[in-house]
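A look at the structure
As a plain string of letters, each chain reads:
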Amino acid sequence: MNINVNEGNGCAVLALEGRLDSNTSESLAQQLNTTIDGGQPNVVVDFSQLAYISSAGLRVLLMAAKRVKASKGALILCGMQEHIREVFEISGFLQILTVTDTQQEAEAMLDSTTA
Amino acid sequence: MPINKHITLENQLSELNTLAAAVESFAEQAELDMKTQFNLNLALDELVTNIINYAYDDESVHQIEITLSHDDAIIVIQLTDDGRPFDLTKQPNPELDKELEQREIGGLGIHFIRKLMDKITYQRIDNKNQLTLEKQLHEEGA
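Only a predicted model underlies this, so the values are computations on that prediction, with no experimental measurement involved. (Residues numbered from 1 in each chain as written. Chains lettered and ligands numbered in written order. Predicted model: local features only at pLDDT ≥ 70, side-chain atom pairs only at ≥ 80, totals over all residues. Heavy atoms only, no water.)

Quick notes on the pairing of strand E3 (residues 74–81) of chain B
Residue and element names in this part refer to chain B. Pairing analysis gives 8 bridges linking strand E2 (residues 63–71) to E3, with the strands arranged antiparallel. The partner of His-70 across the bridge, within E3, is Ile-75. Where E2 folds back on E3, the antiparallel hairpin that results is connected by 2 residues, among which Asp-72 adopts a positive phi of roughly 55 degrees. As judged from the 8 bridges shared by E3 and strand E5 (residues 128–136), these two strands associate in the antiparallel manner. When the sheet's bridge partners are listed, Val-76 is paired in E5 with Glu-134. (Pairing = 2+ DSSP bridges. Helix = DSSP H or I, 4+ residues; strand = E, 2+ residues; numbered from the N terminus.)

Overview of the state of the cysteines
A disulfide bridge is the covalent bond that connects two cysteines by way of their sulfur atoms. All names here are of chain A. Evaluated as defined, the whole model comprises 0 disulfides over all chains. With no disulfide of its own, Cys-11 lies closest to Cys-78 among cysteine sulfurs, the gap being 9.3 Å. Relative accessible area serves as the criterion here: at 1%, Cys-11 is assigned to the buried category. (Disulfide = S-S within 2.5 Å. Buried < 20%, exposed > 50% of the residue type's maximum accessible area, 1.4 Å probe, protein only.)

Below, the structure written as structure tokens:
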């Protein structure tokens with residue numbers, strides 16, 4: 001899995017590419033910690049190039065969501081393909097995490113909550 | 001025509017890539033749709049990850065044997081490991097309706113397997129765990 005880190009509008013944007021499973025989830029955990037520890041609690045994760053996710057990936061995202069909430073920030077997930085969205089749905093994660101269709105919507109949502 | 005595929009994995013997480021490639025090739029031969037392929041991969045990933053992370057008390061190399069079979073409208077998966085006894089079917093379901101702060105991740109993999117598969121059977125044979133999973137394909141497009 002590749003993680004491309006970019007600076008968005010008042011947030012960090014992490015674009016994931018490939019497969020997020022127990023073999024790769026630790027690298028995402030490290031990147032999320034680096035971003036949050038670096039003082040940016042507003043994080044958008046772009047799923048549009050992600051082909052696969054397992055519970056190991058969900059675990060990392062859940063931990064990050066708890067961390068940013070404690071730091072008064074936000075974690076927004078965007079661009080999920082249908083199969084991946086279904087994994088979030090059967091986990092009950094669509095109720096506890098913020099998910100948008102596009103990165104633009106994610107950034108607009110952050111803009112309105114931090115303004 | 002029935003299709004069978006046998007996969008042998010070692011107990012290291014990098015083998016998940018081998019698993020994904022094998023599931024893809026099985027799905028192509030059996031002409032399964034993308035969603036079925038994804039879900040088969042997910043169920044097997046969760047099982048194999050559990051085994052690699054929790055089944056062994058030593059540092060040795062172990063083999064995990066998987067057989068995938070497709071016939072007509074059913075897929076049967078058989079998974080055998082020589083780890084400590086573990087009956088997946090006896091594990092509790094996770095609590096899915098907690099708030100973010102209280103939400104825990106344990107058991108989610110098992111929840112996926114139960115959701116994605118129609119029948120799960122566990123046997124302990126010759127000091128090995130043998131799990132059989134069945135998936136009916138009649139609900140295509142559902």
